[in-house]
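Spelled out from the first residue to the last, the chains are:
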Amino acid sequence: MELVFATNNLNKLKEVQVLIPNHIKLLSLKDINCNEDIPETQDTIEGNAIQKAEYIKNNYGYDCFADDTGLEVQALGGKPGVYSARYAGPERNSEDNMNKLLSDLDGKNNRQAQFKTVIALLINGELHTFTGICKGEITREKLGKKGFGYDPIFKPEGYTKTFAELDLDTKNSISHRGKAVSQLVNFLNI
(Lines give C-alpha, C1' and ligand atoms only; values in the text may rest on other atoms or scores of the structure.)
Protein backbone atom coordinates (compact mmCIF):
# COMPACT_ATOMS: atom_id res chain seq x y z
CA MET A 1 0.00 0.00 0.00
CA GLU A 2 1.24 3.49 -0.89
CA LEU A 3 0.08 6.60 0.93
CA VAL A 4 1.14 10.20 0.51
CA PHE A 5 1.69 12.22 3.67
CA ALA A 6 0.73 15.73 2.55
CA THR A 7 3.30 17.78 4.42
CA ASN A 8 6.31 19.89 3.55
CA ASN A 9 7.45 19.75 7.19
CA LEU A 10 10.40 17.34 7.25
CA ASN A 11 10.27 17.15 11.06
CA LYS A 12 6.66 15.92 10.93
CA LEU A 13 7.57 13.47 8.18
CA LYS A 14 10.42 12.05 10.30
CA GLU A 15 8.16 11.70 13.36
CA VAL A 16 5.41 9.93 11.41
CA GLN A 17 7.69 7.61 9.38
CA VAL A 18 8.81 5.76 12.52
CA LEU A 19 5.17 5.13 13.48
CA ILE A 20 3.89 3.80 10.14
CA PRO A 21 4.19 -0.01 9.65
CA ASN A 22 6.62 -1.30 7.01
CA HIS A 23 3.88 -2.68 4.73
CA ILE A 24 2.74 0.91 4.05
CA LYS A 25 5.05 2.84 1.74
CA LEU A 26 4.94 6.44 2.86
CA LEU A 27 5.47 8.97 0.07
CA SER A 28 6.36 12.59 0.68
CA LEU A 29 5.19 15.53 -1.39
CA LYS A 30 8.67 15.61 -2.92
CA ASP A 31 8.22 11.97 -4.00
CA ILE A 32 5.14 12.92 -6.04
CA ASN A 33 6.70 16.16 -7.38
CA CYS A 34 4.34 18.41 -5.45
CA ASN A 35 6.38 21.54 -4.86
CA GLU A 36 3.64 24.10 -4.33
CA ASP A 37 2.31 25.31 -1.00
CA ILE A 38 -0.90 23.45 -0.27
CA PRO A 39 -3.68 25.84 0.76
CA GLU A 40 -4.61 26.06 4.45
CA THR A 41 -7.43 28.57 4.42
CA GLN A 42 -9.97 26.96 6.74
CA ASP A 43 -10.80 28.36 10.17
CA THR A 44 -10.51 25.02 11.99
CA ILE A 45 -7.73 22.47 12.45
CA GLU A 46 -10.04 19.77 11.03
CA GLY A 47 -10.88 21.93 8.02
CA ASN A 48 -7.22 22.50 7.15
CA ALA A 49 -6.37 18.79 7.40
CA ILE A 50 -9.28 17.88 5.11
CA GLN A 51 -8.45 20.69 2.67
CA LYS A 52 -4.84 19.50 2.32
CA ALA A 53 -5.82 15.84 1.80
CA GLU A 54 -8.43 16.78 -0.80
CA TYR A 55 -5.89 18.97 -2.60
CA ILE A 56 -3.49 16.04 -3.06
CA LYS A 57 -6.23 13.60 -4.06
CA ASN A 58 -7.81 16.04 -6.53
CA ASN A 59 -4.55 17.28 -8.07
CA TYR A 60 -2.30 14.21 -7.91
CA GLY A 61 -4.72 11.28 -7.62
CA TYR A 62 -3.02 9.56 -4.68
CA ASP A 63 -4.64 8.11 -1.58
CA CYS A 64 -3.23 10.30 1.12
CA PHE A 65 -3.43 11.76 4.56
CA ALA A 66 -2.75 15.22 5.86
CA ASP A 67 -2.60 16.65 9.31
CA ASP A 68 -3.01 19.99 10.94
CA THR A 69 -1.97 20.81 14.47
CA GLY A 70 -2.72 23.67 16.77
CA LEU A 71 -1.60 24.70 20.22
CA GLU A 72 -4.59 25.82 22.27
CA VAL A 73 -3.77 27.92 25.33
CA GLN A 74 -6.49 28.28 27.95
CA ALA A 75 -5.56 31.78 29.18
CA LEU A 76 -5.60 33.04 25.58
CA GLY A 77 -9.06 31.70 24.78
CA GLY A 78 -7.68 28.81 22.70
CA LYS A 79 -5.16 30.86 20.74
CA PRO A 80 -3.00 30.44 18.76
CA GLY A 81 -5.07 27.39 17.65
CA VAL A 82 -5.46 27.07 13.90
CA TYR A 83 -2.98 29.96 13.49
CA SER A 84 -0.19 28.29 15.52
CA ALA A 85 2.32 28.12 12.65
CA ARG A 86 1.70 31.78 11.73
CA TYR A 87 1.13 33.20 15.22
CA ALA A 88 3.92 35.79 14.96
CA GLY A 89 3.44 36.38 11.23
CA PRO A 90 3.31 34.69 7.82
CA GLU A 91 7.02 33.72 7.96
CA ARG A 92 6.16 30.68 10.14
CA ASN A 93 9.16 31.27 12.40
CA SER A 94 9.15 29.00 15.45
CA GLU A 95 11.38 31.26 17.55
CA ASP A 96 9.17 34.28 16.87
CA ASN A 97 6.03 32.22 17.59
CA MET A 98 7.40 31.02 20.94
CA ASN A 99 8.56 34.51 21.89
CA LYS A 100 5.14 35.99 21.08
CA LEU A 101 3.35 33.28 23.06
CA LEU A 102 5.61 33.71 26.10
CA SER A 103 5.10 37.47 25.89
CA ASP A 104 1.30 37.08 25.61
CA LEU A 105 1.34 34.87 28.73
CA ASP A 106 3.59 37.21 30.71
CA GLY A 107 2.04 37.78 34.14
CA LYS A 108 -0.55 35.04 33.68
CA ASN A 109 -0.55 32.14 36.16
CA ASN A 110 -2.79 29.86 34.12
CA ARG A 111 -0.36 28.12 31.77
CA GLN A 112 -2.69 25.22 30.82
CA ALA A 113 -2.58 24.29 27.14
CA GLN A 114 -3.13 21.41 24.78
CA PHE A 115 -1.82 20.36 21.42
CA LYS A 116 -4.47 19.08 19.03
CA THR A 117 -3.72 17.17 15.83
CA VAL A 118 -6.31 16.11 13.29
CA ILE A 119 -5.37 13.69 10.52
CA ALA A 120 -7.61 13.50 7.46
CA LEU A 121 -7.25 10.27 5.46
CA LEU A 122 -8.62 9.99 1.94
CA ILE A 123 -8.52 6.37 0.86
CA ASN A 124 -10.66 4.37 -1.56
CA GLY A 125 -12.84 7.43 -2.11
CA GLU A 126 -13.71 7.80 1.59
CA LEU A 127 -12.73 10.45 4.15
CA HIS A 128 -11.78 9.44 7.70
CA THR A 129 -10.48 11.72 10.47
CA PHE A 130 -8.45 10.94 13.58
CA THR A 131 -7.85 13.34 16.48
CA GLY A 132 -5.07 13.30 19.05
CA ILE A 133 -4.84 15.62 22.05
CA CYS A 134 -1.97 16.09 24.49
CA LYS A 135 -2.66 18.24 27.54
CA GLY A 136 0.08 20.10 29.36
CA GLU A 137 1.31 23.56 30.20
CA ILE A 138 3.42 26.34 28.76
CA THR A 139 6.73 26.80 30.54
CA ARG A 140 8.12 30.24 31.40
CA GLU A 141 11.30 29.69 29.37
CA LYS A 142 12.54 27.59 26.47
CA LEU A 143 14.01 24.26 27.53
CA GLY A 144 15.61 21.57 25.35
CA LYS A 145 16.99 21.36 21.83
CA LYS A 146 15.03 18.46 20.32
CA GLY A 147 11.75 18.60 18.43
CA PHE A 148 10.39 21.60 16.58
CA GLY A 149 7.74 24.30 16.74
CA TYR A 150 6.56 25.01 20.28
CA ASP A 151 8.27 21.89 21.75
CA PRO A 152 10.76 23.87 23.92
CA ILE A 153 7.93 25.59 25.83
CA PHE A 154 5.36 22.76 26.11
CA LYS A 155 5.56 20.41 29.09
CA PRO A 156 3.13 17.47 28.74
CA GLU A 157 0.95 16.50 31.70
CA GLY A 158 2.69 14.08 34.05
CA TYR A 159 6.19 14.98 32.84
CA THR A 160 8.87 17.29 34.24
CA LYS A 161 10.48 17.89 30.83
CA THR A 162 9.34 19.71 27.72
CA PHE A 163 8.76 17.94 24.40
CA ALA A 164 12.14 19.40 23.31
CA GLU A 165 13.87 17.59 26.19
CA LEU A 166 12.24 14.19 25.60
CA ASP A 167 13.61 11.55 23.24
CA LEU A 168 11.57 10.92 20.08
CA ASP A 169 10.19 7.55 21.22
CA THR A 170 8.84 9.03 24.45
CA LYS A 171 7.43 12.06 22.67
CA ASN A 172 5.73 9.90 20.02
CA SER A 173 4.15 7.68 22.67
CA ILE A 174 2.38 10.60 24.41
CA SER A 175 2.08 13.37 21.82
CA HIS A 176 -1.00 14.62 20.01
CA ARG A 177 0.46 13.59 16.66
CA GLY A 178 1.53 10.19 18.01
CA LYS A 179 -2.02 9.55 19.28
CA ALA A 180 -3.62 10.58 15.97
CA VAL A 181 -1.13 8.51 13.93
CA SER A 182 -1.77 5.51 16.20
CA GLN A 183 -5.49 5.75 15.38
CA LEU A 184 -4.62 6.04 11.67
CA VAL A 185 -2.36 2.96 11.83
CA ASN A 186 -5.00 0.94 13.70
CA PHE A 187 -7.55 1.89 11.03
CA LEU A 188 -5.19 0.90 8.18
CA ASN A 189 -4.39 -2.44 9.85
CA ILE A 190 -8.07 -3.49 10.07
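Please refer to the structure placed before this passage.
Keep in mind the model is a prediction, meaning the values are calculated, not measured.

### Quick word on the pattern of salt bridges
- Applying the stated criterion across every chain, the model contains 12 salt bridges.
- A salt bridge links Asp67 to Lys12, with the nearest nitrogen and oxygen atoms 3.1 Å apart. Of the two residues, Asp67 sits in strand β3 (residues 64-73) while Lys12 sits in helix α1 (residues 10-17), which places them 55 residues apart along the sequence.
- The class of Asp67 is buried, set by a relative accessible area of 2%.
- What emerges from the salt-bridge pattern is a single network uniting Glu40, Lys52, Asp68 and Arg92.

### Here's the deal with the pairing of strand β1 (residues 2-5)
- Across 3 bridges, the pairing between β1 and strand β2 (residues 25-27) is parallel. Paired with Leu3 across the two strands is Leu26, which belongs to β2.
- Taken together, β1, α1 and β2 form a β-α-β motif whose crossover is right-handed.
- Here β1 runs beside β3; their pairing, made up of 2 bridges, is parallel. Within β3, the position partnered with Val4 by the bridge is Cys64.

### Quick look at the nonpolar core
- Counting 18 residues, the largest nonpolar core has Leu71, Val73, Leu101, Ile138, Tyr150 and Phe154 as its most contacted members.
- Excluding residues that lie within four positions of it along the chain, Val73 makes contacts with Gly78, Lys79, Pro80, Leu101, Leu105, Gln112, Ala113 and Ile138.

### Side note on the environment of Gly144
- Along the chain, Gly144 turns up in the loop between β6 (126-138) and β7 (154-156).
- In contact with Gly144, not counting residues within four places along its chain, are Pro152, Ala164 and Glu165.

Rules used throughout
- Position numbers for residues count from 1 along each chain, tracking the sequence in the order it is written.
- In view of the model being predicted, local features appear only for residues whose pLDDT reaches at least 70, and side-chain atom pairs are presented and counted only at 80 or more, with totals across whole chains, interfaces and linings using the full set of residues.
- Working from all heavy atoms in the structure, the side-chain values ignore hydrogens and water.
- Each salt bridge in this description consists of a side-chain nitrogen of Lys or Arg and a carboxyl oxygen of Asp or Glu lying within 4 Å of one another.
- Each helix is a run of H or I in the DSSP string that is no shorter than four residues. Each strand is a run of E no shorter than two, and both are numbered from the N terminus.
- For every residue, the accessible area (1.4 Å probe, protein chains only) is compared with the maximum for its type, and the residue is labelled buried under 20%, exposed over 50%, or partly exposed between those bounds.
- A pair of strands is labelled paired if DSSP reports no fewer than 2 bridges between them.
- The definition of a right-handed crossover adopted here requires that, viewed with the strands pointing away, the path from the first strand over the helix to the second runs clockwise.
- To qualify as a nonpolar core, a set must consist of buried Ala, Val, Leu, Ile, Met, Phe, Trp, Tyr and Cys residues joined through side-chain atoms within 4.5 Å.
- Whether two residues are in contact is decided by their heavy atoms, any of which lying within 4.5 Å being enough.

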